[in-house]
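# Summary of the model geometry
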Amino acid sequence: MRVIEALRKRNRTLLEMQAGILFFGLVCQLIGSLIVREQMPYAVSLWFGLAFAFAASIHMYRTLDRALWCGKDASAIVVRGYLFRYVMVAAVAIILSLTEVLNPLVFFLGYMSLKVTAYLQPITHKLCNRLFHETDPVPEAIPEESGAQGEEIPAE
């Protein structure tokens, strides 16, 4: 129960994103175990990419959180954060390509879990709702606006 309480205190969107990254990593590992001959380099490259995706998701969360409090400088902060993550991934991919320590394509597959996670978000959201025994609020219609004399404003 302590684990669930600790997870409940975290940012929900970040938690769902990281759950999607982990799920995608497990699926890629399972498929790779059936297809790839050299299991260890594949696994290390994949999980290094997934760890990089975890770090990028935290950086993205912090960047967006900082940008929300900055007002008119928000777009510059978001662009700077994006460029930083992009340069870091490119630098790591180049280093991996030159040194041949890990497979750069498998690393990139792991990092791309950030993109796949966006599509998995409805699934991870439902799973987190079940885990925390929560439901989403039911959306309600916005009441019609009234004019100055109580007349309804025609819809355009």
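Higher on the page you've got the structure.
Residues numbered from 1 in each chain as written. Predicted model: local features only at pLDDT ≥ 70, side-chain atom pairs only at ≥ 80, totals over all residues. Heavy atoms only, no water.

One can describe the packing of helix α3 (residues 39-68) onto helix α5 (residues 104-111) by two numbers: an axis separation of 7 Å at closest approach and a directional angle of 40°. As far as their axial angle goes, α5 and α3 are oblique. Crossing of α3 over α5 shows right-handed handedness. Here α3 contributes Tyr42, Ser45, Leu46, Phe48, Gly49, Leu50, Phe52, Ala53 and Ala56 to the contact with α5, which in turn contributes Val106, Phe107, Leu109, Gly110 and Tyr111. Residue classes in the contact of α3 with α5 are distributed as eleven nonpolar, three polar and no charged. (Axes fitted to C-alpha atoms, helices over the stretch in contact; angles between N-to-C directions. Helix = DSSP H or I, 4+ residues; strand = E, 2+ residues; numbered from the N terminus. Parallel < 35°, antiparallel > 145°, perpendicular 65-115°, else oblique. Left-handed = near helix turned anticlockwise from the far one by under 90°. Contact = heavy atoms within 4.5 Å. Nonpolar A, V, L, I, M, F, W, Y, C, P; charged D, E, K, R; others polar.)

What follows is about helix α2 (residues 12-35). Helix length check: α2 (24 residues) gives 35 Å between terminal C-alpha atoms against 34 Å at 1.5 Å per residue, within 8%. Those residues of α2 lying buried are Leu14, Leu15, Glu16, Met17, Gln18, Gly20, Ile21, Phe24, Gly25, Cys28, Gln29 and Gly32. (Expected span 1.5 Å × (residues − 1). Buried < 20%, exposed > 50% of the residue type's maximum accessible area, 1.4 Å probe, protein only.)

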